[in-house]
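Tertiary structure, described
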Amino acid sequence: MVKAKLIPPYGNKLVNLLVSPEEADELKAYANRLPSIQVSERVVCDLEILATGGFSPLDRFMGQKGYERVLNEMRLANGYVFPIPITLPVEPSPEIKLGQDIAIRDAKNELLAVMTIEDMYQWDKEEMAQKVFGTLDLHHPLVAEMSRWGRLNISGQLRVLNLPRHYDFRDLRLTPVQTRERLSAAGHENVVTFQTRNPMHKVHEELTKRAIQSVDGTLLLHPVVGMTKPGDVDYFTRVRTYKTLVSRYYEPDRVVLSLLPLAMRMAGPREAVWHMIIRRNYGANHLIVGRDHAGAGKDSTGKPFYGPYDAPEMAEKYSDEIGVKIVPFTMLVYLPGEGRYEEISKVSSGTRTASISGTQVREEYLSNGKTLPEWFTRPEVAEILAESYPPRHKQGMCLWFTGLSSAGKSTTAEILTQQLIEHGRQVTVLDGDVVRTHLSKGLGFSKEDRDTNIRRIGFVAAEVVRHGGTAVCAAVSPYRATRGDVRRMVGDDRFIEVFVDTPLEVCEKRDQKGLYAKTRRGEIKGFTGIDDPYEPPLHPEIRLDAVNHSPEENAKIILDYLIEQGFICAPEREVRITAGKDEKDE
């Protein structure tokens, strides 16, 4: 088949920041003598896509002029549309100065690149949150995450020595150049791409096949495998489902599966425009944009951060300038009587239809161990999801007790722990005082050290949850943003914040350690609730009254909640399961 001519990259040329093999050895030796900075997972994702041209024409982390223009006008300094700031935030230090070369390393201290600092500037977190995400609400994952980013942004020439190492799905981790080669070999000039961070069900399969047909082209199935929304299905599970669908249910010359190591911002309308630019660089000239594309979920009041059509409308506005056409994500419903999917706008009133939402998939089917129906998803996909997502009562969870010192957190947590074990749960207890003795020994009580302590507890709790266990954590954890970080580590759907709401005067009377009295005498400085703030949860899953209720009563409140949410089998269900086993054994 003759190779197809694809749309040129945005800016007509793919950026390539990788040094040549001839330069590499000398530059590595030089880099090992330079001051280093270790960067976050988000920056690593951005660097990989920058280096290979996915953000073309952007060729570096943004300098001040470009950053400010992106915030205010959604354009780079050279005038090209670009809606998302790509920055390298750092904390001030003697090594961070204009003209200085620095080595950029990942969390494992692997050398990635050398940067010459040509621009450095302070940035305003609230300004960025308001202009890019349209909110200051800490329920937005990026707004909360930004609270721990460095106060300075730095920019300058990048010489990339190594891309991040990936040991999974190597045949699918394609750069823009490699993706374009496969798309061109498919033989169709038109390429429609499907941005996805979720498993694909039959409705998505139907939608993408209709899109292929409508443009007479190739589908670039381009799932995000970098950073997505906390609580999303892990990418290992998702990619297994994509591979199965592509190999069995699509025409080989009509689909290319390629993984995108993108760190999403969940920026809704701005992100939809960003995805258009990225996908053009990978060879696509059409993008499927759905309702609430790249949405961040709901804010602290329960209202969606973005309107359902904000993203398609903004994408359409910039479509001609970017050169990528929008393919609407048409709402499809299943017609049981006819055994097919149809656009909801074409279904007459009174016609029997069927549909299952993403929430229903998780809560009504996977969480209860129910098999997804074949009209909704392929059996192979249903099997993969069932393996990765056991019923809710077998999934991990984190109970995070927060409140003032002597509020009653540890006592209630201790009682609850025994009851959880009684119900067959495997429990790991992470008490603030015990953690301070072992995991966080040596840390002080500055805000930075307190945050570090809480994030350490959160990291361990997230690992316990990931492996199906129950983490019971009791720590003052005074700051909302840090508790939000832990929620995102664990996953929103498995994190239960328990606010032990005990007034300060009651805590002082109960204090057996004498800490409040020492603080009042000036012997302790920066004590939470006295001369350092405690930020109570605004929307905890459970709020406990430890004045009018005993610890035993409060533990019962939590246990009832866990049964209601399906994290623990209800007593009658346990009886049925036991009886079923006995009958079978007989």
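This section reports on the structure supplied with the text. Everything quoted here is computed from the prediction, not taken from an experiment. (Residues numbered from 1 in each chain as written. Predicted model: local features only at pLDDT ≥ 70, side-chain atom pairs only at ≥ 80, totals over all residues. Heavy atoms only, no water.)

At a minimum axis separation of 9 Å, helix α8 (residues 235–249) and helix α12 (residues 379–388) run at an interaxial angle of 165°. In terms of their interaxial angle, α8 and α12 are classed as roughly antiparallel. The crossing of α8 and α12 is right-handed. The segment α8 lies against α12, with T237, R240, T241, T244, L245, R248 and Y249 engaging E380, V381, I384, L385, E387 and S388. Across the contact of α8 with α12, the residue classes break down as 5 nonpolar, 4 polar and 4 charged. (Axes fitted to C-alpha atoms, helices over the stretch in contact; angles between N-to-C directions. Helix = DSSP H or I, 4+ residues; strand = E, 2+ residues; numbered from the N terminus. Parallel < 35°, antiparallel > 145°, perpendicular 65-115°, else oblique. Left-handed = near helix turned anticlockwise from the far one by under 90°. Contact = heavy atoms within 4.5 Å. Nonpolar A, V, L, I, M, F, W, Y, C, P; charged D, E, K, R; others polar.)

In space, the 5 strands of this open sheet follow the order β16-β17-β15-β18-β19, with parallel pairing throughout. Unpaired on one side and paired on the other, β16 (427–431) and β19 (542–544) mark the two borders of the sheet. With direction set aside, neighbouring strand axes in the sheet form an average angle of 15°. Two elements, strand β15 (residues 397–402) and strand β18 (residues 495–500), share 5 bridges in a ladder whose sense is parallel. Bridged to T402 within β18 is F499. Most of the contacts of helix α15 (residues 447–466) go to β15, to which it runs at about 155°, and overall it touches β15, β16 and β17 (470–474). Running at roughly 150° to β18, helix α16 (residues 480–490) makes contact with β15 and β18 of the sheet. (Pairing = 2+ DSSP bridges.)

Moving on, we come to the pairing of β15. Within β15, 6 of the 6 residues are buried, which leaves it mostly tucked inside the rest of the structure. Alternating positions in β15 separate into two faces, M397, L399 and F401 on one and C398, W400 and T402 on the other, with burial throughout. Bridge count for β15 against β17 is 5 bridges, and the pairing is parallel. When the bridges of β17 are listed, F401 appears paired with A474. (Buried < 20%, exposed > 50% of the residue type's maximum accessible area, 1.4 Å probe, protein only.)

Now for the packing of aromatic side chains. Within the structure shown, the criterion is met by 14 aromatic pairs. On the numbers, 5.2 Å between centres and 80° between planes, the contact of Y10 with Y80 is edge-to-face. With a gap of 70 residues between them, Y10 in the segment before α1 (21–31) and Y80 in the loop between α3 (64–73) and β2 (89–90) connect regions that are remote in the sequence. Looking at Y10, the relative accessible area reads 3%, which means it is buried. (Phe/Tyr/Trp six-rings, centres within 6.5 Å; stacked < 30°, edge-to-face > 60°.)

Turning to the pattern of salt bridges, a few remarks are in order. One pass over the full model with this rule turns up 36 salt bridges. Between R42 and E145 there is a salt bridge, with its nearest N and O atoms 2.8 Å apart. Here R42 is found in helix α2 (residues 41–52), whereas its partner E145 is found in helix α5 (residues 141–145), with 103 residues between them in sequence. Taking relative accessible area as the criterion, E145 reaches 10% and is therefore assigned buried. Between D59 and R60 there is a salt bridge, with the nearest N and O atoms lying 3.2 Å from each other. For D59, a relative accessible area of 32% gives the class partly exposed. One network of salt bridges, in which partners are shared, links E206, R210, E338, R340 and E342. (Salt bridge = Lys/Arg side-chain N within 4 Å of Asp/Glu carboxyl O.)

The residue G358 is located in helix α11 (residues 358–365) in this model. Linking G358 and P199, residues 159 residues apart in sequence, is a C-alpha distance of 9.6 Å.

Once that is clear, we can look at helix α13 (residues 409–422). One full turn of an α-helix is made of 3.6 residues, so residues set three or four places apart face in the same direction. Helix length check: α13 (14 residues) gives 20 Å between terminal C-alpha atoms against 20 Å at 1.5 Å per residue, within 8%. Buried within α13 we find K409, T412, A413, I415, L416, T417 and L420. Lining the buried residues of α13 we find β15, β16, β17, β18, β19 and α19 (551–564). Once α13 ends, the next one or two residues include G424, with phi positive near 90°. (Expected span 1.5 Å × (residues − 1).)

All right, on to the sheet that holds strand β11 (residues 286–289) then. The sheet built from 5 strands is open, its strands ordered β10-β9-β8-β11-β12 with parallel pairing. Two strands in the sheet have a free side with no partner beyond their single neighbour: β10 (255–257) and β12 (325–328). Strand-to-strand twist in this sheet, taken as the mean axis angle between neighbours without regard to direction, amounts to 30°. Direction of pairing for strand β9 (residues 218–223) relative to β10: parallel, over a ladder of 3 bridges. Opposite L220, over in β10, you have V256 as the bridge partner. Contacts from helix α9 (residues 269–281) reach β8 (191–196), β9, β11 and β12 within the one sheet, and its direction differs from that of β11 by about 150°.

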